Amino acid sequence: MALYRGSNGQYHFGSIDIPPDYLEEFADTFRANLRNSRRLGVPFFQIELRGTKGMYSFPFGNIEARQDALNRMLDQLNMASEHAHLDRWYVDVGMEVVRPYHVVQWLSGAHEQLLQHALSTLPASSITSLHEGSLFSRDTAAHLFDLSGFRCHPGARGRPSQVAHIQLYTTDKTVTYQLHHGAFSLHSTPSLYPGAITKLLSDIDIIAKMFTECAGANGQSQDGTARFEIRVGMAKAMSTLNTFPAELLRASAICIPNAIWWDFKFCRVAAINYVLEEMASDPPRSRALVPSLALGAVLIYMLNATISRPGDWGAERALAEACAL
């Protein structure tokens, strides 16, 4: 429940998806209930059709199942009227790497190989240029530079294959993903002020408890999967990412036992907490010294990296290299 609780103690629960087959019944019931309200007796609302991640999944390599999943997704749309304009429609085609009782992470050293797999028509020199250019952003996992995903907009290089976007990511971050302001939000250096550091320490305690639960403190540990997604033109939906060689999988992903991954995060947060507790007890004069201020900024940066991916700007990379192994 800590993930749904905001900084003011209010709970923020997620939305609930309503299957299309039940929308009419839901709308009728909703309107009927609103008639009992003096202020909301004559309602007007719209229904937005949105996708649900994983709703149209299928066994990898099963062409029939893939076609069935695509058909079920398109059943909700009037594609007949768009037949002549399929170039305006894109679809995300992805694969998920799962190993029970493990957190799967992508290896940074395999990024060019994965780009090559997604953009197979490009020569190696173009892949290297794309990997080293501004259209490629790396998402490092907890300042472990050997482990990272990425986001890539290939631009003109992707047009021959109708590839608009490539994304490599992991799901372990979902346990700390928080849209509202709360303990799992990104913290900043003003949190170190004398009047605010107590709240910061309370937030760290909540984060540490989450990692303890994920490691199996309550008898069940939290898995993490790795996903590879390619956004392509609708016409390429059935021919994209049909294969993923075993040797590429061995070279690009690593499986870490749940207890080891989450204990690592817990230990890092516990160490940060220990230093901040000492800092909170220091007199104001010593806390105003430049080394103390620099230490505090680094600790906040390291804390944020345990709950979200650090930024990829040059200054942030330099800070990460200065404060992490």
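Residues numbered from 1 in each chain as written. Predicted model: local features only at pLDDT ≥ 70, side-chain atom pairs only at ≥ 80, totals over all residues. Heavy atoms only, no water.

1. Points about the packing of aromatic side chains
- Here the structure, examined in full by the defined rule, presents five aromatic pairs.
- A centroid spacing of 5.9 Å and a plane angle of 25° characterise the contact between phenylalanine 211 and tryptophan 262, whose relative ring orientation is stacked. Note that phenylalanine 211 is positioned in helix H5 (residues 197-214) and tryptophan 262 in helix H7 (residues 258-280), a separation of 51 residues in sequence. Take phenylalanine 211 and tryptophan 262: they sit in the same class, and that class is buried.
- Arranged with centres 6.0 Å apart and planes meeting at 65°, the rings of phenylalanine 228 and phenylalanine 244 form a pair that is edge-to-face. Taken together, the residues phenylalanine 228 in strand E6 (residues 226-233) and phenylalanine 244 in the loop between E6 and helix H6 (246-252) connect sequence positions 16 residues apart.
- A residue is classified by how much of its surface remains accessible, and phenylalanine 228, at 0% relative accessible area, is buried.
- Classification of phenylalanine 244 by relative accessible area gives buried; the value is 13%. (Phe/Tyr/Trp six-rings, centres within 6.5 Å; stacked < 30°, edge-to-face > 60°. Helix = DSSP H or I, 4+ residues; strand = E, 2+ residues; numbered from the N terminus. Buried < 20%, exposed > 50% of the residue type's maximum accessible area, 1.4 Å probe, protein only.)

2. Regarding the pairing of strand E2 (residues 102-106)
- For E2, the tally of buried residues reaches five of five residues, placing the bulk of the element in the interior.
- Because side chains alternate across E2, one face comprises the buried residues His102, Val104 and Trp106, and the other comprises Val103 and Gln105, equally buried.
- One ladder, built from five bridges, connects E2 with strand E7 (residues 253-257); its direction is antiparallel. Counted as the bridge partner of glutamine 105 is isoleucine 254 from E7. (Pairing = 2+ DSSP bridges.)

3. With respect to the environment of alanine 235
- As for its position among the elements, alanine 235 is in the loop between E6 and H6.
- The exposed category is assigned to alanine 235, whose relative accessible area is 57%.
- Distance in space between the C-alpha atoms of alanine 235 and tryptophan 89 is 8.6 Å, their sequence separation being 146 residues.

4. Looking at a nonpolar patch on the surface
- There is a patch of nonpolar side chains on the surface, built from Ile18, Tyr22, Phe26 and Phe30 and spanning about 350 Å² of accessible area.
- By secondary structure assignment, the location of phenylalanine 26 is in helix H1 (residues 23-34).
- Take phenylalanine 26: its relative accessible area is 35%, and that puts it in the partly exposed class. (Patch = residues over 30% accessible without salt bridge, like charges linked within 9 Å, V, L, I, M, F, W, Y side chains within 5 Å. Areas by Shrake-Rupley, 256 points an atom, 1.4 Å probe, with all protein chains shown as cover. Salt bridge = Lys/Arg side-chain N within 4 Å of Asp/Glu carboxyl O.)

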